[in-house]
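These are the residues of each chain, in order.
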Amino acid sequence: MVQKYQSPVRVYKYPFELIMAAYERRFPTCPLIPMFVGSDTVNEFKSEDGAIHVIERRCKLDVDAPRLLKKIAGVDYVYFVQKNSLNSRERTLHIEAHNETFSNRVIINEHCCYTVHPENEDWTCFEQSASLDIKSFFGFESTVEKIAMKQYTSNIKKGKEIIEYYLRQLEEEGITFVPRWTPPSITPCSETSLSSCKKQAASMAVVIPDAALKEGLSGDALSSPSAPEPVVGTPDDKLDADYIKRYLGDLTPLQESCLIRLRQWLQETHKGKIPKDEHILRFLRARDFNIDKAREIMCQSLTWRKQHQVDYILETWTPPQVLQDYYAGGWHHHDKDGRPLYVLRLGQMDTKGLVRALGEEALLRYVLSINEEGLRRCEENTKVFGRPISSWTCLVDLEGLNMRHLWRPGVKALLRIIEVVEANYPETLGRLLILRAPRVFPVLWTLVSPFIDDNTRRKFLIYAGNDYQGPGGLLDYIDKEIIPDFLSGECMCEVPEGGLVPKSLYRTAEELENEDLKLWTETIYQSASVFKGAPHEILIQIVDASSVITWDFDVCKGDIVFNIYHSKRSPQPAKKDSLGAHSITSPGGNNVQLIDKVWQLGRDYSMVESPLICKEGESVQGSHVTRWPGFYILQWKFHSMPACAASSLPRVDDVLASLQVSSHKCKVMYYTEVIGSEDFRCGRSPHSRCCGRWSLLSLSFSLSLCLRWRFC
């Protein structure tokens, strides 16, 4: 498995030239890096004007590895080749390094880059990326990987300290300014030497191509082993190391790398509507910074949020009056760590009455609104307290809890709420204080605890009776001034007291079922299943030419091909995929086929846009300005991997990709709309991956024209 690393942008508040002077002092050896024994210059090139300086060094490292491993490997030192390409004209330094020792068993590539800060030319930015691929190593592959990652991360931490150490050294020597490179004065050539000047310039052009000059590379550098590509994107796309520390907290280098890589993947597939960095970090923490696992649950959550418009819940949904009167919970100041504090008087709440009066789904929606409010308060407290706050504290008072609260439908609703919150709001609960737990609490805990994540359970603190008033109790976590009055505190708490819900507000089972169905079908998006050989198609009839067909869809499972066709005649009535066709059903979505098998492309219908291949997890938005009236068919088709042209045998990547889509089934969630050309002024390209800023969503509650995530 290839291990990858991508650093955040590190900013030095010093000019580029001064940073370069400090950097050069690391050679031929650096006492601050004990493992760096020494280096020898192998090749060196300088352009005539002094703007380009390329130097290649062979570096000798004494890796901190077990003596037995060194003996088995037969080496005492490890050698790396490092190539530095300085372009003083452009004020950039590109550093490429690869291992020379065991290069047939282990492949290590690193790329570093010093550039001028895009907003302040007197500051310098630094980025680095690396990859480690251990093919084989005498059966010690896992050990070597751990040693390599340990050594690398320790050196990353020292990198900034070393530059700052040499900057201080320069300052002690009285060097606080290094002039920028300027072109040398051009002396006019005499007529006799003019031809020799031209020949010299021509020979230089042969030795060093223009492209290499621009990048600060010699011709030899172009043939060097491939190094990891630097992160591509605008400065706004990248994360600054100081920003991470200020708003996200202290992360290890590998944790920073995981965040940056997952964020970059989201920008490529969900650009324009990705979650905020702290939300991405929550999913990574929930899966111990396993990028693949975090990406999976995050994509599921993003699709869920989009389908049910969770991002707009605070602006568009008003809780019923019953909840406002009888739900005994509310926000109450903050704890000693600055986390927002939510108080829930569960023992005083009539869970049975609330479920009978509102239904399970209304309660769930209310809890979701509480969590959305919690995210908003975390952002506010981060700004107020000047440190990262990404979770909240929940105080649950169980006084009054009895067997009435163990009513089966109520417990079922509670478990459903826990399941949804765990899946979509990971790592948002910083601490849970359970006070005045009665004897019946162990019964409730036995029912609920299996559905709570282990990491979340470790944040629970349970106090029986009045134990919370003693040492290690409430005062350790909440200031005395804000302890609620019903817990013998001094602060008046505005949380509703709860009480029994009048039976006159109860509703019949049929009414509740209809209401629950209404709540979760209030979505503009539709789901569809796509099978191999059975695409999903929708029909759009256009009366006026120059109308605009817009679409917005997410590929929830598998890879698909998106096509748009035009026909002058209407297809036959839609045919839904049946059991007889594929021997499977698609409860998660429809499968409708419109194009008759006897139709011929080019005769009965025509393709109006180039096919677009969409990978699993991608979000695609686009538009098509119609040229003719008639019938337009939007088609989502199963994407089959192409066979390898060079061999009749399937590639390993193809086999693995085919295994990822079970039963050759894909799933998409889509929304389409037709608008007049005069109302469409975005001027977008036909297909736009992941740029969800234009889609016109005609919601019943008048949402904004721009499709955005509230937490973007």
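Nothing here was measured: the structure is a model prediction, and the numbers come from that model.

1. Quick word on the overall build of the protein chain
Part 1: A tally of regular secondary structure across the protein chain gives 19 helices and 25 strands.
Part 2: Per-residue burial for the protein chain yields a buried fraction of 49% across its 712 residues.

2. Some remarks on helix α7 (residues 253–270)
Part 1: Counted at 1.5 Å a residue, the expected span for α7 with its 18 residues is 26 Å, and the 25 Å between its end C-alpha atoms agrees.
Part 2: Taking burial as the measure, the 18 residues of α7 include 13 buried ones, the bulk of the element.

3. Re the packing of aromatic side chains
Part 1: Enumeration over the complete set of coordinates arrives at 19 aromatic pairs.
Part 2: Here a set of aromatic residues connected by ring pairs shows up, and it is made of Y23, F27, F36, Y114 and F126.
Part 3: One Lys or Arg, R246, reaches over the ring of Y247 and ends 4.4 Å from the middle of that ring.
Part 4: Across from the ring centre of F486, 3.9 Å away, lies the NZ or CZ of R345, which sits over that ring.

4. Some thoughts on the sheet that holds strand β11 (residues 392–397)
Strand pairing in a sheet relies on backbone hydrogen bonds. The paired strands run either parallel or antiparallel.
Part 1: Taken together, 5 strands build an open sheet; the order of strands is β9-β10-β11-β12-β13 and the sheet is mixed. Bordering the open sheet on either side are β9 (329–334) and β13 (460–464), each of which pairs with just one other strand. For this sheet, the mean angle separating the axes of adjacent strands, direction not counted, is 20 degrees.
Part 2: Both strand β10 (residues 340–344) and β11 contribute to a ladder of 4 bridges, which runs parallel. The residue bridging Y342 from the neighbouring strand is C394, located in β11.
Part 3: Each of β9, β10 and β11 is contacted by helix α13 (residues 360–385), which is oriented at about 5 degrees to β9, the strand it contacts most.

5. Section: the confidence of the model for the protein chain
Part 1: Confidence in the prediction for the protein chain averages 80 pLDDT; 80% of positions are at 70 or higher.
Part 2: Looking at the elements of the protein chain, mean pLDDT is at its lowest for helix α18 (residues 579–582), recorded as 36, and at its highest for β10, recorded as 96.
Part 3: Note that residues 188–235 has pLDDT below 50 and, in this model, 56 contacts with residues that lie over four places away or in other chains.
Part 4: Contacts from residues 577–588, a stretch scored under 50 in pLDDT, to residues over four places away or in other chains number 18 contacts.

6. Notes on the environment of R458
Part 1: By secondary structure assignment, the location of R458 is in the loop between α16 (454–457) and β13.
Part 2: The exposed category is assigned to R458, whose relative accessible area is 63%.
Part 3: Along the sequence, R458 and L432 sit 26 residues apart, while their C-alpha atoms lie 9.3 Å from each other.

7. Observations regarding unusual backbone geometry
Peptide bonds are mostly trans, and most non-glycine residues show a negative phi.
Part 1: For the peptide bond that leads from F27 to P28, omega is 5 degrees, which places it in the cis range.
Part 2: With respect to the secondary-structure elements, P28 resides in the loop between α1 (16–24) and β3 (36–46).
Part 3: Here F289, not a glycine, exhibits a phi torsion of approximately 60 degrees, which is positive.
Part 4: Mapping F289 onto the fold places it in the loop between α8 (277–286) and α9 (291–307).
Part 5: A residue is classified by how much of its surface remains accessible, and F289, at 16% relative accessible area, is buried.
Part 6: Located in the positive-phi region is Q309, a residue other than glycine, with phi close to 50 degrees.
Part 7: Relative to the assigned elements, Q309 resides in the loop between α9 and α10 (313–316).
Part 8: Judged by its relative accessible area of 8%, Q309 is buried.

8. Comments concerning the environment of G329
Part 1: Looking at the element boundaries, G329 is found in strand β9.
Part 2: Dropping the residues within four chain positions of it, G329 is found in contact with Y342, V343, L344, V495 and P496.

9. Concerning the pattern of salt bridges
Part 1: Under the criterion given, the structure shown has 34 salt bridges.
Part 2: The residue D335 makes a salt bridge to R339 at a minimum N-O spacing of 3.7 Å.
Part 3: Overall, D335 belongs to the buried group, its relative accessible area being 1%.
Part 4: Three or more residues joined by partner-sharing salt bridges are found here, namely D335, D337, R339 and R431.

The rules behind each value
Residues numbered from 1 in each chain as written. Predicted model: local features only at pLDDT ≥ 70, side-chain atom pairs only at ≥ 80, totals over all residues. Heavy atoms only, no water. Helix = DSSP H or I, 4+ residues; strand = E, 2+ residues; numbered from the N terminus. Buried < 20%, exposed > 50% of the residue type's maximum accessible area, 1.4 Å probe, protein only. Expected span 1.5 Å × (residues − 1). Phe/Tyr/Trp six-rings, centres within 6.5 Å; stacked < 30°, edge-to-face > 60°. Lys NZ or Arg CZ within 6 Å of the ring centre and 35° of its normal. Pairing = 2+ DSSP bridges. Axes fitted to C-alpha atoms, helices over the stretch in contact; angles between N-to-C directions. Contact = heavy atoms within 4.5 Å. pLDDT = per-residue confidence, 0-100. Salt bridge = Lys/Arg side-chain N within 4 Å of Asp/Glu carboxyl O.

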